[in-house]
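Chain by chain, the residues run as shown.
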Amino acid sequence: LDENVLYSLTGSARKVRDNAADWHNLMLRWDRLTEEGVDVATSIVNTKRSQSESLLVPEASSSSFSSPSSSSSSSSTQPAPGAAELQERCLRLLDIVEKMTAIVAKMERLAASQEALRELEEFRSGSAGGAAPLFHSWSAKQFEDTSQLLLSAFTEELKLKQVIVQELAHTASFDLSMVYLSCWLHQPNIPPQSRLTLEALLLETGHRTL
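All values reported here derive from a predicted model rather than from experimental measurement.

Parameters at a glance
- Residues numbered from 1 in each chain as written.
- Predicted model: local features only at pLDDT ≥ 70, side-chain atom pairs only at ≥ 80, totals over all residues.
- Heavy atoms only, no water.
- Helix = DSSP H or I, 4+ residues; strand = E, 2+ residues; numbered from the N terminus.
- Buried < 20%, exposed > 50% of the residue type's maximum accessible area, 1.4 Å probe, protein only.
- Contact = heavy atoms within 4.5 Å.
- Core = buried A, V, L, I, M, F, W, Y, C linked by side-chain atoms within 4.5 Å.
- Polar contact = N/O pair within 3.5 Å; in protein donor to acceptor, adjacent residues only side chain to side chain.
- pLDDT = per-residue confidence, 0-100.
- Axes fitted to C-alpha atoms, helices over the stretch in contact; angles between N-to-C directions.
- Parallel < 35°, antiparallel > 145°, perpendicular 65-115°, else oblique.
- Left-handed = near helix turned anticlockwise from the far one by under 90°.
- Nonpolar A, V, L, I, M, F, W, Y, C, P; charged D, E, K, R; others polar.

## Concerning the overall build of the protein chain
A count of helices and strands for the protein chain gives eight helices and zero strands. Traced from its N-terminal end to its C-terminal end, the protein chain shows the element sequence α-α-α-α-α-α-α-α. The proportion of buried residues among the 210 residues of the protein chain is 36%. For the protein chain, the proportion of contacts with a sequence separation of at least 24, taken over those separated by at least 6, is 81%.

Dropping the structure here:
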């Protein structure tokens, strides 16, 4: 579409184009939070590993200098090394997931908006899916389907990250911690197709050019 036409869009077409920009911005924010979360989750895993290693040392070294009763008393009152740092990082990761939850809530509103626009176009055109293209070739139904596809992917990924943030600090297995860390990084519920879908949406609405 001509640039002047894009700036003069009104009605459903203008709203769809605004929604496409919102999808792009929300996904960028999600990616930044994911990167931030990788750093925090990695520090949690490293802190827990350091704690595990340090707990193996005092048994032999302290037995020569203190009685069993005094060592058990001190172990019950002294926090594990790095406990404060671990708690702070777990809270940071929880905060990141809460921000991701807010992003998915906004995605839900975008998907609901696209559904309403499809219903409006159906009413106007009298044809299922609002068959007339709003831009180049997509009908209102195709924009709705695209939004639902993206929403489904990010909703499922949010569920995974909510599990990770609950389990990462509590698992005693270093191998399992690395699995959680890998899942956070690679986001198995957001396949590359989701990024291509966004690019197709931006191209269709004139935010991208060939």
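We are not done yet, so read on.
## Here we look at the nonpolar core
Among the nonpolar cores identified, the biggest contains 43 residues, and Trp-23, Trp-30, Leu-93, Met-107, Leu-168 and Trp-184 are the most heavily contacted of them. Mapped by element, the contributors of at least two residues to this core are α2 (11–55), α5 (83–125), α6 (140–167), α7 (174–186) and α8 (192–204). With 13 residues, α2 is the largest single contributor of residues to this core. The contacts of Leu-168, once residues within four sequence positions are left out, are Ala-41, Ile-44, Val-45, Lys-48, Leu-93, Ser-177 and Tyr-180.

## Structural notes on the environment of Asp-31
By secondary structure assignment, the location of Asp-31 is in helix α2. According to the relative accessible area criterion, Asp-31 is partly exposed, its value standing at 24%. Along the primary structure Asp-31 and Met-100 are separated by 69 residues, whereas in three dimensions their C-alpha atoms are 9.8 Å apart. In this structure the side chain of Asp-31 is engaged in a polar contact, spanning 2.9 Å, whose partner is the side chain of Arg-195.

## Side note on the confidence of the model for the protein chain
Chain-level statistics for the protein chain give a pLDDT mean of 83 and a share of 79% at 70 or above. Per-element confidence in the protein chain is highest for α6, whose mean pLDDT is 96, and lowest for helix α3 (residues 58–62), whose mean pLDDT is 44. This model gives residues 58–77 a pLDDT under 50, and the stretch forms two contacts once residues within four places in sequence are excluded.

## Quick notes on the packing of α6 against α7
Where α6 contacts α7, the axes come no closer than 10 Å and their chain directions differ by 150°. Taken together, α6 and α7 sit at an angle that is classed as roughly antiparallel. Where α6 crosses over α7, the two elements pack in a sense that is left-handed. Across the interface between the two elements, Glu-157, Leu-160, Lys-161, Ile-164 and Glu-167 from α6 touch Tyr-180, Cys-183 and Trp-184 from α7. Across the contact of α6 with α7, the residue classes tally to five nonpolar, no polar and three charged.

## Observations concerning the side chain of Glu-157
Along the chain, Glu-157 turns up in helix α6. According to the relative accessible area criterion, Glu-157 is buried, its value standing at 0%. Of the polar contacts made by the side chain of Glu-157, one reaches the side chain of Lys-161; its length is 2.8 Å. Non-local contacts of Glu-157, meaning those with residues more than four positions away in its chain, are made with Trp-30, Cys-183, Gln-187, Pro-188, Asn-189 and Ile-190.

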